[in-house]
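Tertiary structure, described
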Amino acid sequence: MKYSGWPDPGELVVGKIDEIEDFGVFVDLEEYEDKRGLIHISEVASGWIKNVRDHVREGQIVVCKVLDVDEESQQIDLSLKDVNDHQRSEKIQQWKNEQKADNWMDLATGDDVGDEEFTAIANELIGAHGSLYEGFKQAAIHGREALESTELTDDEIESLVETARENVSVPYVNVTGYVDLENPSATGVDGIREALEAAEGNGEVPEEVDLEVTYVGAPEYRIRVQAPNYKTAEAQLEESADRAIAAIQDHDGDGEYHRERRTDEE
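Attention here is on the structure that accompanies the text. Small disclaimer: the values here were computed from a predicted structure and weren't measured. (Residues numbered from 1 in each chain as written. Predicted model: local features only at pLDDT ≥ 70, side-chain atom pairs only at ≥ 80, totals over all residues. Heavy atoms only, no water.)

Describing the overall build of the protein chain
Along the protein chain, the regular secondary structure elements total six helices and nine strands. Relative to a compact globule of 266 residues, whose C-alpha radius of gyration would be 18 Å, the protein chain shows 27 Å and is clearly more extended. Here the C-alpha coordinates of the protein chain stretch approximately 90 × 45 × 25 Å along the principal axes. In the protein chain, which comprises 266 residues, the share counted as buried stands at 42%. Restricting the contact set of the protein chain to residue pairs at least 6 apart, pairs at least 24 apart contribute 62%. Counting only carbon and sulfur atoms, one obtains 41% of the accessible surface of the protein chain, whose full area is about 15,200 Å². Taking the average location of the 24 positive side-chain charges in the protein chain and that of its 65 negative ones, the two points are 9 Å from each other. (Helix = DSSP H or I, 4+ residues; strand = E, 2+ residues; numbered from the N terminus. Rg over C-alpha atoms; globule rule 2.2 N^0.38 Å. Buried < 20%, exposed > 50% of the residue type's maximum accessible area, 1.4 Å probe, protein only. Contact = heavy atoms within 4.5 Å. Areas by Shrake-Rupley, 256 points an atom, 1.4 Å probe, with all protein chains shown as cover. Lys, Arg positive; Asp, Glu negative; His and termini not counted. Charge placed at Lys NZ, Arg CZ, Asp CG, Glu CD.)

Quick look at the structure:
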């Protein structure tokens, strides 16, 4: 999906070198519809340039900085030398991510969706999360919640979330903690079981979180949490332990949360 408008001065853009002249280089902008820019020879590289072709070649993908845009004369002035290695690498990765997101859009919408509807759906994702890729990433992590602020239909949201979760690789972190549960009351094992069910969330753990509670050795139980970031993971870990402790105390039992394992190794 390409932008229909014009880039802004100062923006980094991805382009393919189309034509090389003695005075500079013409570049087709890969992210914009029917837009072409010029890198003057003085903006190709620092220092004196004897031959432009010593620095660039036709068909080369480059990252340029937009110096000036004149819509009336249909002219976009670009600089190659003003882009450092970090900016170049970051922009290329962003561009590749958006290409992936274009393919995901095709998978999510199918062949029956026209260009106008396709663009409308894409614009909802971009409006909510800044880019197609980020929209799919958030849908993969948070599910329907990530798209609730959009004007998308339930069917469209369902298709986007399903496609995101099948195709987007999102970073996850893992944290572990432990809770000791003892129940000397008459409810005994049933009280422990209820506390463990509470620790597991009783089905109310957020979709983006994977939480597991396992037996380690009496009276210790391990809580493992996988989440998109440490803040969420740590919060879910503590909430899990708090639920278990509250549940066991309802049975006049005792509970204690700790981060390090206390029982002997299995």
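What follows picks up the thread again.
Focus: the environment of Q226
Topologically, Q226 is positioned in strand β8 (residues 220–227). Overall, Q226 belongs to the partly exposed group, its relative accessible area being 29%. Sequence separation of Q226 and G191 is 35 residues, and the distance between their C-alpha atoms is 26 Å. The contacts of Q226, once residues within four sequence positions are left out, are Y172, V173, N174, E208, V209 and D210. Among the polar contacts listed, one links the side chain of Q226 to the side chain of N174, at a separation of 3.4 Å. (Polar contact = N/O pair within 3.5 Å; in protein donor to acceptor, adjacent residues only side chain to side chain.)

Looking at the environment of L196
In this fold, L196 is placed in helix α5 (residues 188–199). For the pair formed by L196 and P228, sequence separation is 32 residues and the distance between their alpha carbons is 24 Å.

With respect to helix α2 (residues 115–129)
For α2, which comprises 15 residues, the first-to-last C-alpha distance of 21 Å matches the rise-based estimate of 21 Å (1.5 Å per residue) to within 8%. What α2 keeps buried is the set F118, I121, A122 and L125. The arc that holds the buried residues of α2, viewed along the axis, is 95°, so those residues lie on one side. Across α2 from its buried face, at more than 90 degrees, point the exposed residues E116 and G127. (Expected span 1.5 Å × (residues − 1). Arc of directions from axis to C-beta.)

A word on the pairing of β8
Most of β8 is tucked away: six of the eight residues are buried. As paired strands, strand β6 (residues 173–182) and β8 are joined by eight bridges and run antiparallel to one another. Bridged to T176 within β8 is R224. Sheet topology note: the strand β7 (residues 210–217)/β8 ladder contains seven bridges and is antiparallel. Within the sheet, the bridge partner assigned to D210 lies in β8 and is Q226. The turn joining β7 and β8, which pair antiparallel and follow one another in sequence, is formed by two residues. (Pairing = 2+ DSSP bridges.)

Some details on the sheet that holds β7
Pairing within the open sheet is antiparallel, and its four strands lie in the order β7-β8-β6-β9. A single partner strand is all that each edge strand has here, and the edge strands are β7 and β9 (254–258). Across this sheet, the average inter-strand angle for adjacent strands is 25°, counted without regard to direction. Of the strands in this sheet, β6, β7 and β8 touch α5, which is tilted by about 160° from β6. (Axes fitted to C-alpha atoms, helices over the stretch in contact; angles between N-to-C directions.)

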